[in-house]
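Residue-level structural notes
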Amino acid sequence: MIHSLFIINSSGDVFMEKHWKSVIPRSICDYFFDAQRKANNNEDIPPVITTPHHYLISVLRSNLFFIAVCMTEVSLLAPHPSPCLSVSATLPTGQLSNVPWRRSGVKYTNNEAYFDVTEEVDAIIDKSGATVAAEIQGYIDCCIKLTGMPDLTLTFINPRLFDDVSFHPCVRLKRWESERVLSFVPPDGNSRLLSYHIGSQSVVAIPVYIRHNISFRDVGGGRLDITVGPKQTMGRSVEGVVLEVPMPKCVLNCTLTISQGKYTFDPVSKVLRWDLGRIDPTKLPNMRGNVQFTVTQLALSGLKVNRLDIYGEKYKPFKGVKYITKAGRFQVRT
Amino acid sequence: MSTGGSYSNERPPTVDVDYAADPASGSFFSTEFKKCSLDDNKHEDLKQMLDSNKDGLKLEAMKRIIGMVAKGRDASELFPAVVKNVVSANLEVKKLVYVYLVRYAEEQQDLALLSISTFQRALKDPNQLIRACALRVLSSIRVPVIVPIMMLAIKDAMTDMSPYVRKTAAHAIPKLYNLDPEQKEELIQVIEKLLSDKTTLVVGSAVMAFEEVCPERIDLIHKNYRKLCNLLVDVEEWGQVIIINMLTRYARTQFVDPNAGSEDDDRERPFYEDDEEIEDDETLAKRPKPMDPDHRLLLRNAKPLLQSRNAAVVLGVAQLYQHIAPRTEVSLVARALVRLLRSHREIQAVVLTNIASMSTRRKDMFEPYLKSFFVRSSDPTHIKALKLEVLTNLATDTNISVILREFQTYIGSSDKEFVAATIQAIGRCASNIREVTDTCLSGLVSLLSNRDESVVGESVVVIRKLLQSETVGHKDIISHMARLMDNIKIPMARASILWLLGEYCDKVPKIAPDVLRKMAKTFISEDDIVKLQILTLATKLYLTNPKQTRLLCQYVYNLAKYDTNYDIRDRARLTRALVFPSQGHEDNKLAKHAKKIFLATKPPPVQQSSFKDRDQFQLSTLSHLINARATGYQDLPPFPEEAPDPTVRYVELPASFTPENHHKPSHPKKSKPQKMKSFYSDESSPEDESEDDASDSSSDSDSDSDSSDSDSSESSSDEDNESDSEEEEEEEPRFKRKVSGGSSKKRPEKHGVSQSSGSEDTDSSSSSSSSGSESSSDEEAENSEDSDEDVKKKKKSDREQRNSVPQGRGNRSNLDLLLDLDDTPPAMDTPLLTPSLGGLLTPSPSSQPSQPLPPGASIQPASAKFVPTVTQELLNRISGGGLAVACRFTRSPHLYSPRMTSVELSFTNNGSEEIRDISVGSKKLAPGMALHEFAGIAVLSPDTTLNGTIGVDFNDTTQPAMFDLVVGGRTFSINITAPIGELLMPLAMNEGDFNLNQIKLRGMNEQCGVVSLSSGNKDIKSLVNRVYETANLLQVQCSSNDIVKFGGQTASGKALVLVSLSLPQDEQESTISVNCEKMVISSMLLKEIKSALKRD
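Residues numbered from 1 in each chain as written. Chains lettered and ligands numbered in written order. Predicted model: local features only at pLDDT ≥ 70, side-chain atom pairs only at ≥ 80, totals over all residues. Heavy atoms only, no water.

By the naming in an unreviewed UniProt entry, chain A is AP-3 complex subunit mu-1-like, taken from Homarus americanus. The UniProt entry for chain A carries the following comment under Subcellular location (unreviewed entry): "Endomembrane system". (UniProt positions renumbered as here; feature names shortened; annotations may be inferred.)

Following this line, the structure appears as structure tokens:
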């Protein structure tokens, strides 16, 4: 059971506190500040800090720390449905129906259902350009504006692709297990319908390649030579390519010649960022590190939505599917 | 920690004006800053605002005050001014005052008591939200005086109409318990009641209250165990976590170890793979007893939750499997856990800790996902360390090369801590896997020339450990390291080298004394651990080589004698006494054996996972994560040797959940109809099994349509809970779901069914109409238990229910208000199923036939007992240009209208090209008939079959339904004729009603015939099956053994169809009578049945 919650901003001020039981003084956060001081950066702070009488569980989200104070054993990851005085009346709307994710009486003049299939490629590429590990993390986000209580069925051309899937509570698990069909009463508006994971066992084609040649000399800087090129994109162009090169602490500045795009070097975080934009296959951009890119209209795993059927309502909605492939945690080692 | 709490990412715009503005999002942050400067009478203006009679001002003041509270500033002096406003009519103000009260009531108890009467009034408020809110605040005010009031309020709320209020009551229980543990006994009673609640909203919170107050009263769970298992999927996410944890503990106390009998191993399996196969045969022989079906039930119902998007739920299921599942099934969870690694760093940390702990015992489980544990340079340090731990745990002789290559790249990382951990990991791999020890050792030695000192230091330490476990000498390495002594500054590394030199001084007799000489010079400036090792080295050298080192040794002892550190002084004193015994004590026994003491062979250090000892803690707990016992941690009990009595879990007459139940002594009273039941149980047992399979392989159906049938039968059986005496206990979970399903299952009114809207309409002949509403769920709870019982009992319950109607009326005002609330979703006008029902678009059949049935409350629509698999060809592939169309009667009620018969069309493309756009064109139907077309098929690729379901209202005739099928521009004329038996729908009824109606339908409505039975149809069972194949009817339970009766109605006109078959014992002939007011139907049906029975 969480006793209290403190919210701390990036400059280290406790700017919000909430106590569900007796008040715990905010000085309890000092333990956290100690841990923060010890850690190199905020990411490194251990998620659970043990103090003589309390356990501090810290969560970092968008530069805010949420410190939950517990005194007894808790089941982790599960903040108990705390007896919070949530007075907002929007909470119980869904709670009372059997489709808590959808309110009743939705009306739209234009009935639309859009699906975004987004795939993120997580990859580790080693020095020589060989893929060490590659995984695809995919999401199907939907934006559904449909009148009434529609019952949708989404079928895929190649559902066998799904390795590991997790669903929005609206998806009927049984139907998926037996038929590999997504059958659901959609939530209104935007929501993440499903996320899937295509593991490292299957072969993942990486859409870009990077050749690099980096040498550091002790005095007077080093050399950096990076070439980026597209590969295996089935005719689609790779857009929004960004290279992030975390430099060692000793690097003061970078002076580079680039053939395309623009680069910036942040002397505080020591990150060199090269914004390439679209890769033109004929003329290869020439300039280590993390890569970001987007390939539109292509899901790297080859996932394709087959059709969407609507039951229970009589109108014909507009339907649309968009495929995007993005770089997730894409790393090139040097 | 995860933020995935709300269902939709976007809050739906609220419809409710009253509650629309969220006070918490108000502007108090900005306005509040101005307040700081004021001091003594700083709150004067706030007080004035609170005293004013304008709601707007009050609200503004309250917002500021709550802002102060949130900032942690003291606002207690405003208490009197604020508490007055608790009576405010404005809901916004009221809510904020509640928030304030919760924070300060404890400090100002006397004043807080003033507000209590307001809460008491609010507890009776018609609005369920206000009732819930008042209860919540009341229970959050930690004032001991109000304990009795809280108790009363909780007891009231426990029987509230609204599940939301009941849920709040469950939340209030632990709070009351914390305030006054004396109330435990009384609270346990409340918990017991709430645990038996059947709404998904409540059970999660009820279990939480149970866990908080009386986790030791495991007996309260017995009766609810199966219900909890079955509801698990539908409970909200946080409830799921709590229930899973509780059930894990429950299973540990109630079931025997599924792994008992198979060998107990802590050993790392892959090593022993070869021997294992041999062992397997043995273990098969002593295979443990089959698992308790309830044990299996839990595992089966928890499994789908692995696909939850909530990390806590996934982790909960993972620990459930780890702790109570048979060893072979645990690996199921690996994949889901690996998926969680993509999420936030906190979740990653927790999941990795659990994986690390699991992987110490089960390498094979995570080995396929090895690559997912590869470290990225962007990971935080503690995540990197955990990943290293997992990788090291997973290392086997087959994958070690991959892992070592990976480790090699890590050494180049700029994160020093991580590099050190990597070198240690290499050391552990090297000592665990013999094949690579030498490679690793040479690799580590080459690291000794690394530029980075910390790398060198760490390597030295690891090499020392490795050398220690190696029996062969490594003279070169030791001398190489001795040379490093001059450069290495890291104390631990220096100490390691010194220890090595001392231990293996016989291998490097020349170098060691020289090093000691150098060290003696720098002794004073060394670190403490190095000094200790210098002492050790000096002692060992003196013992082996006294001639050369005696003086040096004494010098070192003298230096140590005056050291500032008392450890070093003590050590020096001790060893000196051993080595240089003082005058007069030369014959000291210890001194004689000094050599043995110091140069004894030491056992090599065991390098094992630091996660090994975490086993003692339950996974996913805080104690497991911090590897220490947290306050309030309960040990997971070990499995009992003998399973406690499983019968305690039987809910009143659970019928034949398992076949053995029939001869369980706990059901002595078994009336005759019950015996009939056993007959049925044979019949439905395949279904049972397929249910079982469904969770495992999900293939409970051979084709798509089949599954939809079985599902539709599920949903339909929900409706007739009162009458389905022949339905099995496995029906029960569905029924329960339906309770939560609430009133939404009403059939669409627009389709011309006389469904009266209010749920108070209980006095209509059919009792089921009331059961649709949640409000009557309490009575329903009782009914559901009764539902399996024999007919008489049922009638009684009907009567009871009718009796209970007036009570319902008494509460009616309350109920009306409940329903009037804007927040209550109006009855949805589309059929909806809860997600776990699996779906399907087939709604429940009409809960009430449009034409009121003759008296006899037992008459209820039922689901089909038999689903034909025969298909009828509608369009030949030759005439269809590659497209073949066949149809099949699915006997499931059609979505669009209950008057329609569902016909499943299957389209097969036998051609070589895609067929596009299949849809229904113009319809040529006889008057009175109707057809509801299927959703069009856009593309049908070659060699595939797709299904579409059409609904045809045949208007109780056997005239064909003709329509055009448009396929990519071409039209084909299709002609569907339904056999008479398919125009019927089964009805469940009891024998009394059957007889009553049969008498009414005498004369010209009755058709009789005699048929000589074919040899294959002698026994009742095959006869019944024959009739089922022919017509969509349902058998009526019958007291006499030589008559079989069937009930049904026509799909379109809803006219009763009654069939009775007499079976004289020895004769070859059977008399059939069919009663139906539509004579055509009865005569045709008679003909059909006759021919079916004649057939072999």
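1. Quick notes on the sheet that holds strand E3 (residues 48–50) of chain A
Residue and element names in this part refer to chain A. In spatial order, the strands read E2-E1-E5-E4-E3; together these five strands make up an open sheet with antiparallel pairing. Of all the strands in the sheet, the pair left with one neighbour each is strand E2 (14–19) and E3. Going from strand to strand, the sheet's axes swing by 20 degrees on average, the running direction of each strand aside. (Pairing = 2+ DSSP bridges. Helix = DSSP H or I, 4+ residues; strand = E, 2+ residues; numbered from the N terminus. Axes fitted to C-alpha atoms, helices over the stretch in contact; angles between N-to-C directions.)

2. Quick notes on the sheet that holds strand E10 (residues 970–976) of chain B
All names here are of chain B. Taken together, the four strands give an open sheet; going across it, the order is E7-E5-E9-E10, and neighbouring strands pair in antiparallel fashion. Of all the strands in the sheet, the pair left with one neighbour each is strand E7 (937–940) and E10. Taking each pair of neighbouring strands and ignoring which way they run, the sheet shows an average axis angle of 35 degrees. With seven bridges connecting them, strand E9 (residues 961–967) and E10 associate as antiparallel partners. In the strand pairing of E10, Phe963 is matched with Ile974.

3. Focus: the pairing of strand E6 (residues 112–125) of chain A
Residue and element names in this part refer to chain A. Along E6, eleven of the 14 residues are buried, which leaves the element largely enclosed by surrounding structure. One ladder, built from 14 bridges, connects E6 with strand E7 (residues 131–145); its direction is antiparallel. For Glu112, the partnering residue across the bridge sits in E7 and is Lys145. Counted between consecutive antiparallel strands, the loop separating E6 from E7 contains five residues, among which Gly129 sits at a positive phi close to 95 degrees. Across 13 bridges, the pairing between E6 and strand E19 (residues 318–332) is parallel. Among the inter-strand pairings, Phe115 is bridged to a residue of E19, identified as Val321. (Buried < 20%, exposed > 50% of the residue type's maximum accessible area, 1.4 Å probe, protein only.)

4. Side note on unusual backbone geometry
Of note in the backbone geometry, Arg180(A) takes a positive phi value of approximately 60 degrees without being a glycine. Along the polypeptide, Arg180(A) turns up in the loop between helix H3 (173–179) and strand E10 (181–184). Within the chain, Asn955(B) stands out as a residue other than glycine whose phi angle is a positive 55 degrees. Its location among the elements puts Asn955(B) in the loop between strand E8 (945–953) and E9.

5. With respect to the environment of Val82(B)
Residue and element names in this part refer to chain B. Tracing the backbone through its elements, the reader meets Val82 in helix H4 (residues 79–83). The spacing of Val82 and Lys47 is 35 residues in sequence and 8.1 Å in space, taken between C-alpha atoms. Leaving out residues up to four positions away in the same chain, Val82 has contacts with Leu50, Met62, Ile65, Val97 and Tyr100. (Contact = heavy atoms within 4.5 Å.)

6. Quick notes on the pattern of salt bridges
If the charged atoms of two oppositely charged side chains come close together, the side chains can form a pair. Taken as a whole and judged by the stated rule, the model has 41 salt bridges over all chains. For Arg172(A), the salt bridge goes to Asp151(A), with nearest N and O atoms at 3.1 Å. Pair noted here: Arg172(A) is in the loop between strand E9 (164–167) and H3 and Asp151(A) is in strand E8 (residues 151–156), with a separation of 21 residues, a long-range link. You'll find Arg172(A) and Asp151(A) in the same group, each marked buried. Each of Arg61(A), Arg345(B) and Glu346(B) takes part in a single network of salt bridges with overlapping partners. (Salt bridge = Lys/Arg side-chain N within 4 Å of Asp/Glu carboxyl O.)

7. With respect to the packing of aromatic side chains
Inspection of every chain in the model, using the stated rule, returns 16 aromatic pairs over all chains. Ring geometry for Phe79(B) and Tyr100(B): centres 5.9 Å apart, planes at 45 degrees, overall tilted. Here Phe79(B), found in helix H4, pairs with Tyr100(B), found in helix H5 (residues 91–104); they are 21 residues apart in sequence, far enough to count as distant. By the burial criterion, Phe79(B) is buried, and Tyr100(B) matches it. Among the aromatic residues, those joined into a cluster by ring pairs are Phe32(A), Phe33(A) and Phe65(A). (Phe/Tyr/Trp six-rings, centres within 6.5 Å; stacked < 30°, edge-to-face > 60°.)

8. As for helix H28 (residues 491–503) of chain B
Residue and element names in this part refer to chain B. Relative to the 18 Å expected for 13 residues at 1.5 Å per residue, H28 spans 18 Å between its end C-alpha atoms, a close match to the ideal helical length. Of all 13 residues in H28, eleven are buried; the element is thus mostly enclosed. Within H28, burial applies to Ala493, Arg494, Ala495, Ser496, Ile497, Leu498, Trp499, Leu500, Leu501, Gly502 and Glu503. Elements in contact with the buried residues of H28: helix H26 (453–469), helix H27 (475–484), helix H29 (511–522) and helix H30 (528–544). (Expected span 1.5 Å × (residues − 1).)

9. A few points about the nonpolar core
Within the largest apolar cluster, 229 residues are counted, with the highest numbers of intra-cluster contacts made by Met62(B), Tyr100(B), Phe119(B), Leu337(B), Phe366(B), Phe373(B) and Phe407(B). Counting contributing residues, this core receives three or more from each of domain 1 (2–70) and domain 2 (112–204 + 298–324) of chain A. In this structure Tyr100(B) touches Met62(B), Ile65(B), Ile66(B), Val69(B), Ala75(B), Ser76(B), Leu78(B), Phe79(B) and Val82(B), once residues within four positions along its chain are discounted. Ranked by size, the runner-up nonpolar core spans 58 residues in total, among them Leu1023(B), Val1027(B), Ala1031(B) and Leu1063(B). (Core = buried A, V, L, I, M, F, W, Y, C linked by side-chain atoms within 4.5 Å. Domains from an automatic or database assignment.)

10. A few points about the environment of Ser377(B)
Within the element layout of this structure, Ser377(B) appears in the loop between helix H21 (363–366) and helix H22 (381–394). Overall, Ser377(B) belongs to the exposed group, its relative accessible area being 55%. Spatially, the C-alpha atom of Ser377(B) lies 8.9 Å from that of Ser414(B), the residues being 37 residues apart in sequence. Residues within four places of Ser377(B) in sequence aside, it is in contact with Gln331(A) and Lys384(B).

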